[in-house]
Amino acid sequence: MPRDPARARNDAALPFSATLTFARLSSKKSCCPNGVFMYLQSESRCKQVLSGCRLLIFLLFLVWTLLGADSTVRADEQVRKAPAENWVEMVGLPELDPARNAEIRNGMAYLLVDTQIRHRDGGFSVFDRLAYKVTDRPGLESGARLDIQFDPSRHKLSFNRLMIIRNGVVIDKLGEAKFEIFRRETESERGIFDGRLTAHVELSDVRVGDIVDYATTHEVTPAVGRDLLFDRVLAEWSEPVALMRERITWPAEKPLNIRTVRTALKPKVTMAQGETTYLWETSNPASVKLQDNLPVDHPNFGLVEISSEFGWQPVVDAVLPYYQPVESFPADFEAKLDEIERRHAAREDRLIAALRLIQDEIRYVSLSMGAGSYVPRRPETVLASGFGDCKDKALLLVSALRRLGIEATAALTDIDAGRALEHSLPALEAFDHVIVKAKIGERVWWLDATDYLQGGRAANIVPPDYGFALPLVASGAALEKIPQKELLEPTQSIAERFAFPRRNGEPLVLTVNTSYRNGDADRMRRRIAEASRAKLADDYIQYYNRQYPGIKSTAMLETVDDRDRNILTTKEAYELPSEALLANDLAKNFPLRADIGIGGMPAPTAVGRTGPIALGSPVYKSHKVTVTNLKARFRPPESADVYDPHFSLKLGWSTLPTELELEWSFRTLAERVPVGAISAYLQAVADGNRKSEWYYDFTQVDADATSSDAAPSVGIAAMVKALADALGDLNSAAQRADRGH
């Protein structure tokens, strides 16, 4: 369910390049393309985009060379040059506070970021203006390059101004500007096509000290919900800007719903000739440090949300007509439903059979050009083509379930930000995905038809972890929470068994048995299907070779998949030759490491941190290590557990004269870490990383070394060694995750 280019902006950094300023690129990686042109979500994301900019520009000019002059004719037809409309308010360029000069980055000082919106019949118009000063050489690279994205199916794009101001003299560049139009399907490898175009222009003769001032107007005719509006106004930036302003003019009989998030910014409101104008202005706001791992309901910047609606029903009504289930199907699909009905008397079993049919047999492709951003294709078209996106597959699943006697309806949600929906104002732009709500009696299931190879029966299928969803109903539309099952047992359990050689010259033998359950089983099932068992086996041997150089696989990776129970098991077998065990004193410093996910716990810097840390979905994993054929009794040191209010790491153990068994258990206990608890949390994470890896001298044979006084010293030495290695090995955390569970 892509967002319409109707007006949604992420909480994002000020664009670091004029190339990106009004592109409003999506930062989401979701089922459907995000049709709203939004600012980039973070500085790191922006830098990733900029890093590929030179290659992109080369490819753009290559396309231009191949297409020839005809593309300019098409550009002139699709991008007009025209003055701004009379309703637009042109403001003078402000001065950047000189005290902020030290904060300027990338050779560009932003003077004005101005957006103005006005309602019109069948949609609205959006005027965007940006002015910046090139202060240093790096600014010439990006400051002279403009890229404006638009959707030709619902936008009319016009350039209203394009000028350079040099030493107070205005140089008009609009007349000579030549636009090239390119289509960049940036997510085509994921089967997503949105049809957006980019109008590109290179400014000539831009110099350090110049001010670039340009403006565009998008005349927007939304594909659905033409009277709906949603907008986000950022009250802060990550670098200095002299003036930010947002002006919305809307019919007086339709007051706007306004929500502030961590800001005191309020609009100046005026009324005239049946219209209400809202104006937000911020001059020289303090720069805000970008923070990683924030919860979705805690944006980097203070912001204001604006919606034309005060309830969810108008949002639902905008798309509900397109999600009416069909009652008849093509003959071959009808036969498959008949077979499901014949084989399964229980509706719960029919539900799973229909879900698997659509998940596994209809491949994912999203043709989201024009109205396809919001409107699903009809089931007969999806079945004939063999592919569909979240909208298409949801409607097909709803239709199939109803045909099988199961109550079902489509529901809107958001893959990344669904947990924050309960705080969002009503808007289509709040969603980027469509799932299905099914009901049998009082039992409710939430089903994602775009998943595939999902395991489980009706009693144990894992619901999507999207937080909230909005069922498409004719009345009483409201958000519903998608409940998550409590993790009562580990979803990943690893059992490693090291058999040390009994005699000189024999190899060490390692066997690894791993069980995946529930969501981890679903992910591993898909990984095996996508990457192959051979690729997975190669990843595993590389993982173990980093710890035990010279280790070799002795058997092909085995997998057993019980899809109904949703338990998938793998079995690995290795040998470490005797000479490799003796090399570099490996047996004297033998590592035992738990692959349980603690290395993947977010650990951002606490310096300047003002927001909580998001911990993501619940985690519960275990890892058991058994070492046999030892010549001494070993035990871990005391205080091997780590407990924090947000996660726990426990180490159980047992010992025999010739055998040592360690079992780690790791689970998260909260969804986020409050600001006040971050310091203690980060210390606990570091402690957990140290205590998930121990080193032992397994060459010990002296019986005196096994006494109660000596045994703890073995463990303490191991811990000190692990600490030194953790501090010295920058790849330690990455190695823990290399198995890719």
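Residues numbered from 1 in each chain as written. Predicted model: local features only at pLDDT ≥ 70, side-chain atom pairs only at ≥ 80, totals over all residues. Heavy atoms only, no water.

## Brief notes about the overall build of the protein
If you tally the helices and strands in the protein, you get 14 helices and 37 strands. Out of the 741 residues in the protein, the part that is buried amounts to 56%. Nonlocal contacts in the protein, meaning residues at least 24 apart in sequence, comprise 76% of its contacts between residues at least 6 apart. For the protein, the accessible area works out to roughly 30800 Å², and carbon and sulfur atoms hold 51% of it. (Helix = DSSP H or I, 4+ residues; strand = E, 2+ residues; numbered from the N terminus. Buried < 20%, exposed > 50% of the residue type's maximum accessible area, 1.4 Å probe, protein only. Contact = heavy atoms within 4.5 Å. Areas by Shrake-Rupley, 256 points an atom, 1.4 Å probe, with all protein chains shown as cover.)

## Examining the packing of helix H6 (residues 331-343) against helix H7 (residues 347-361)
Where H6 meets H7, the axes come as close as 9 Å, and the angle between the chain directions of the two elements is 145°. In this structure, H6 meets H7 at a crossing whose hand is right-handed. Across from Phe333, Lys336, Leu337, Ile340 and Glu341 in H6, the residues of H7 making contact are Arg350, Ala353, Ala354, Leu357, Ile358 and Glu361. For the contact of H6 with H7, a count of residues per class yields seven nonpolar, no polar and four charged. (Axes fitted to C-alpha atoms, helices over the stretch in contact; angles between N-to-C directions. Left-handed = near helix turned anticlockwise from the far one by under 90°. Nonpolar A, V, L, I, M, F, W, Y, C, P; charged D, E, K, R; others polar.)

## Notes on the packing of aromatic side chains
A complete count under the given rule lists 21 aromatic pairs for this structure. Taking 4.7 Å as the distance between ring centres and 35° as the angle between the ring planes, the aromatic pair formed by phenylalanine 159 and phenylalanine 179 counts as tilted. On the criterion of sequence distance, the pair formed by phenylalanine 159 in strand S5 (residues 155-166) and phenylalanine 179 in the loop between strand S6 (169-172) and strand S7 (180-183) is long-range, its members being 20 residues apart. A single burial state applies to phenylalanine 159 and to phenylalanine 179, both of which are buried. Note on phenylalanine 647 and phenylalanine 666: the rings are 5.9 Å apart at their centroids and 50° apart in plane angle, and the pair reads as tilted. (Phe/Tyr/Trp six-rings, centres within 6.5 Å; stacked < 30°, edge-to-face > 60°.)

## Re helix H10 (residues 518-547)
For H10, with 30 residues, the first-to-last C-alpha span of 29 Å runs short of the 44 Å given by 1.5 Å per residue. At serine 532, H10 shows its strongest bend, of approximately 100°. (Expected span 1.5 Å × (residues − 1). Bend = angle between axes of the 7 residues up to and from the residue.)

## Remarks on the sheet that holds strand S20 (residues 407-413)
Backbone hydrogen bonds are what pair the strands of a sheet, in a parallel or an antiparallel way. Strand order in the open sheet formed by five strands is S22-S21-S20-S23-S24, with antiparallel pairing between adjacent strands. With partners counted over all chains shown, the strands left at the sheet margins are strand S22 (443-447) and strand S24 (480-481), one partner each. Here S20 pairs with strand S23 (residues 468-471) via two bridges, running antiparallel. Across the sheet, leucine 412 pairs through a bridge with leucine 470, a residue of S23. (Pairing = 2+ DSSP bridges.)

## Points about the pairing of strand S12 (residues 241-251)
Within S12, eleven of the eleven residues are buried, leaving the element largely enclosed by the surrounding structure. Two elements, S12 and strand S15 (residues 275-283), share nine bridges in a ladder whose sense is antiparallel. Looking across to S15, one finds that tryptophan 250 is bridged to threonine 276.

## As for the nonpolar core
Judged by nonpolar contacts, the single largest core of 56 residues is most densely connected at Phe498, Phe590, Leu592, Phe647, Trp664, Tyr681 and Phe698. In this structure, Ile358, Ile406, Leu421 and Trp445 belong to the second largest nonpolar core, which totals 54 residues. (Core = buried A, V, L, I, M, F, W, Y, C linked by side-chain atoms within 4.5 Å.)

## Digging into the pattern of salt bridges
The full count for this structure, using the stated rule, is 46 salt bridges. The salt bridge partner of glutamate 275 is arginine 118, with a shortest N-O separation of 2.9 Å. Here the residue glutamate 275 occupies a position in strand S15, and arginine 118 occupies one in strand S2 (residues 108-120), the gap between them amounting to 157 residues. In this structure, arginine 525 and aspartate 561 form a salt bridge, with 2.7 Å as the shortest nitrogen-oxygen distance. Of the two residues, arginine 525 is situated in helix H10 and aspartate 561 in strand S28 (residues 558-562); the sequence distance between them amounts to 36 residues. Using a relative accessible area of 6% as the deciding quantity, one classes arginine 525 as buried. Owing to a relative accessible area of 37%, aspartate 561 belongs among the partly exposed residues under this scheme. (Salt bridge = Lys/Arg side-chain N within 4 Å of Asp/Glu carboxyl O.)

## A closer look at the environment of tyrosine 374
Inspection of the secondary structure puts tyrosine 374 in the loop between strand S18 (366-367) and helix H8 (379-385). Its relative accessible area of 0% is what places tyrosine 374 among the buried residues. With 52 residues separating them in the primary sequence, tyrosine 374 and tyrosine 322 have C-alpha atoms 8.7 Å apart.

## A word on the packing of H7 against helix H9 (residues 390-403)
Angle between the axes and distance between the axes: these two values describe a pair of packed helices. At their nearest, the axes of H7 and H9 sit 10 Å apart, and the two run at 150° to each other. Judged by the inter-axis angle, H7 sits roughly antiparallel to H9. As for how H7 packs across H9, the hand of that crossing is right-handed. Residue-level contacts link Leu351, Ala354, Leu355, Ile358 and Gln359 of H7 to Lys393, Leu396, Leu397, Ala400 and Leu401 of H9. When its residues are assigned to classes, the contact of H7 with H9 shows eight nonpolar, one polar and one charged. (Parallel < 35°, antiparallel > 145°, perpendicular 65-115°, else oblique.)

## A word on unusual backbone geometry
At asparagine 167, a residue that is not glycine, the phi angle is positive and equals roughly 55°. Following the sequence through the fold, asparagine 167 ends up in the loop between S5 and S6. With phi around 55°, asparagine 518 is a residue other than glycine that occupies positive phi space. Tracing the sequence through the fold places asparagine 518 in helix H10.

## Side note on the side chain of aspartate 210
Along the chain, aspartate 210 falls in the loop between strand S9 (197-202) and strand S10 (211-220). A polar contact is formed between the side chain of aspartate 210 and the side chain of arginine 166, at a distance of 2.9 Å. Among all residues touching aspartate 210, those that are not within four sequence positions of it are Tyr132, Lys133, Val134, Ile164, Ile165, Arg166 and Asp205. (Polar contact = N/O pair within 3.5 Å; in protein donor to acceptor, adjacent residues only side chain to side chain.)

## Considerations on the pairing of strand S16 (residues 303-307)
Of all five residues making up S16, five are buried, and the element is well covered by its neighbours. Alternating positions in S16 separate into two faces, Leu303, Glu305 and Ser307 on one and Val304 and Ile306 on the other, with burial throughout. Bridge count for strand S11 (residues 230-234) against S16 is five bridges, and the pairing is antiparallel. By the bridge assignment, phenylalanine 230 is partnered in S16 with serine 307. Bridge analysis of strand S13 (residues 257-261) against S16 gives five bridges, and the strand direction is antiparallel. The partner of threonine 260 across the bridge, within S16, is valine 304.

## Observations concerning the environment of valine 88
Positionally, valine 88 belongs in the loop between strand S1 (79-81) and S2. Here the alpha-carbon distance between valine 88 and arginine 247, two residues 159 residues apart in the chain, equals 9.3 Å. When residues no more than four places from it in sequence are discounted, the contact partners of valine 88 are Gln116, Phe127 and Arg247.

## Here's the deal with helix H12 (residues 678-691)
Helical periodicity: at 3.6 residues per turn, an α-helix aligns residues three or four positions apart in one direction. When the terminal C-alpha atoms of H12 are compared, their 20 Å separation across 14 residues agrees well with the 20 Å that a helix rising 1.5 Å per residue should span. For H12, the full list of buried residues reads Ile678, Tyr681, Leu682, Ala684, Val685, Gly688, Asn689 and Lys691.

## Focus: the sheet that holds S9
Read from one edge to the other, the open sheet built from three strands follows the order S4-S9-S7, with strand pairing classed as antiparallel. Edge strands, defined here as strands with exactly one partner in the open sheet, are strand S4 (145-150) and S7. For this sheet the average axis-to-axis angle between neighbouring strands, irrespective of direction, equals 25°. Pairing analysis gives six bridges linking S4 to S9, with the strands arranged antiparallel. Its bridge partner lying in S9, aspartate 147 is registered against histidine 200.

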